[in-house]
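Next come the chains, spelled out residue by residue.
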Amino acid sequence: AQTVTQSQPEMSVQEAETVTLSCTYDTSESNYYLFWYKQPPSRQMILVIRQEAYKQQNATENRFSVNFQKAAKSFSLKISDSQLGDTAMYFCAFMKKNSGGYQKVTFGTGTKLQVIP
Amino acid sequence: EPEVTQTPSHQVTQMGQEVILRCVPISNHLYFYWYRQILGQKVEFLVSFYNNEISEKSEIFDDQFSVERPDGSNFTLKIRSTKLEDSAMYFCASRSGDTQYFGPGTRLTVL
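Bear in mind that the values here come from a model prediction, so they are computed numbers and not experimental data.

K.L.:
Where do I start with the packing of aromatic side chains in this structure?
P.N.:
Tallied over the full model, the rule gives 20 aromatic pairs over all chains. When the ring of Y25 of chain A is compared with that of F94 of chain A, the centres are 6.1 Å apart and the planes differ by 35°; the resulting orientation is tilted. Within this pair, whereas Y25 of chain A is found in strand β4 (residues 24–26), its partner F94 of chain A is found in strand β10 (residues 88–96), the two being separated by 69 residues in sequence. Ring geometry for Y35 of chain B and F45 of chain B: centres 5.7 Å apart, planes at 70°, overall edge-to-face. A residue pair is termed long-range when its members are at least 10 positions apart, and Y35 of chain B in strand β4 (residues 31–37) and F45 of chain B in strand β5 (residues 44–50) qualify at 10 residues. Against the face of Y31 of chain B rests R95 of chain B, its NZ or CZ located 3.9 Å from the ring centre.

In structure tokens form, the structure reads like this:
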């Protein structure tokens, strides 16, 4: 079974600064996907960024980037130029890839990020 | 941009009553999922659905739960006899390729 661990329950960052959220995971799979989802107070789950395990290059999406260390099973999210709208709960998530296509997503416990004006 | 939609946004029910939560997945997606999030806890997988049948379910998804795709667009989760501990946010998701897209959730409150 897969597990996803987020060791930072809460973090804060000043507006316009950079913050890094940590995530580690455990799996015996070699082919999988990792995601960061954002959940603002509205509680809708929004995809921020995804990373395919077989790709060495770290994914980037505008102000969001990841540091994917496959050997260490680490997948951190860096938010640059933080904005007030980034205030949300951030979930790290894992999905294994198999031929059946029935992959479920396993979530971490989340990191609550507060952007301070 | 296509989105997963869910109705209602908030459902209040009495313990023991049946509820049906509705989802409209993104139109060309073939894989559908339900997750729940009890307040303050992490999101948990309930069930996945493909080709009109359940492909995987968690231990949470007991006989009180059922899913159905009654027509070409809706995907429903039924809880037959709600318990207090069923109070949670329920998320529907649909998948294209290797990414699941989540709906805005239905907040279920069981009194």
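K.L.:
For this particular structure, what's the right way to read the state of the cysteines?
P.N.:
Between two cysteines, a covalent bond joining their sulfur atoms is known as a disulfide. By the definition in use, this model includes 2 disulfides over all chains. Paired through a disulfide, C23 of chain A and C92 of chain A show a sulfur-sulfur distance of 2.0 Å. Torsion about the S-S bond of the C23 of chain A and C92 of chain A cystine: about -70°, corresponding to left-handed handedness. With C23 of chain A in the loop between β3 (19–21) and β4 and C92 of chain A in strand β10, this pair connects stretches of sequence that are 69 residues apart. On the basis of relative accessible area, C23 of chain A is assigned to the buried category, the value being 2%. Sulfur-sulfur distance for the disulfide between C23 of chain B and C92 of chain B comes to 1.9 Å.

K.L.:
Help me understand the interface of chain A and chain B in this model?
P.N.:
By a widely used convention, the size of an interface equals the accessible area lost when the partners come together. The interface is formed by 22 residues belonging to chain A together with 23 residues belonging to chain B. Buried surface at the junction of chain A and chain B, both sides included, amounts to about 2000 Å², of which 53% is carbon and sulfur. Scanning the region where chain A abuts chain B turns up 1 salt bridge. Among the salt bridges present, the one from K104 of chain A reaches E56 of chain B, with a minimum N-O distance of 3.6 Å. Linking chain A with chain B are 8 residue pairs in polar contact (both at pLDDT 80 or more), by the criterion used here.

The rules behind each value
- Residues numbered from 1 in each chain as written.
- Chains lettered and ligands numbered in written order.
- Predicted model: local features only at pLDDT ≥ 70, side-chain atom pairs only at ≥ 80, totals over all residues.
- Heavy atoms only, no water.
- Phe/Tyr/Trp six-rings, centres within 6.5 Å; stacked < 30°, edge-to-face > 60°.
- Helix = DSSP H or I, 4+ residues; strand = E, 2+ residues; numbered from the N terminus.
- Lys NZ or Arg CZ within 6 Å of the ring centre and 35° of its normal.
- Disulfide = S-S within 2.5 Å.
- Buried < 20%, exposed > 50% of the residue type's maximum accessible area, 1.4 Å probe, protein only.
- Contact = heavy atoms within 4.5 Å.
- Buried area = accessible area lost by both parts, 1.4 Å probe.
- Salt bridge = Lys/Arg side-chain N within 4 Å of Asp/Glu carboxyl O.
- Polar contact = N/O pair within 3.5 Å; in protein donor to acceptor, adjacent residues only side chain to side chain.

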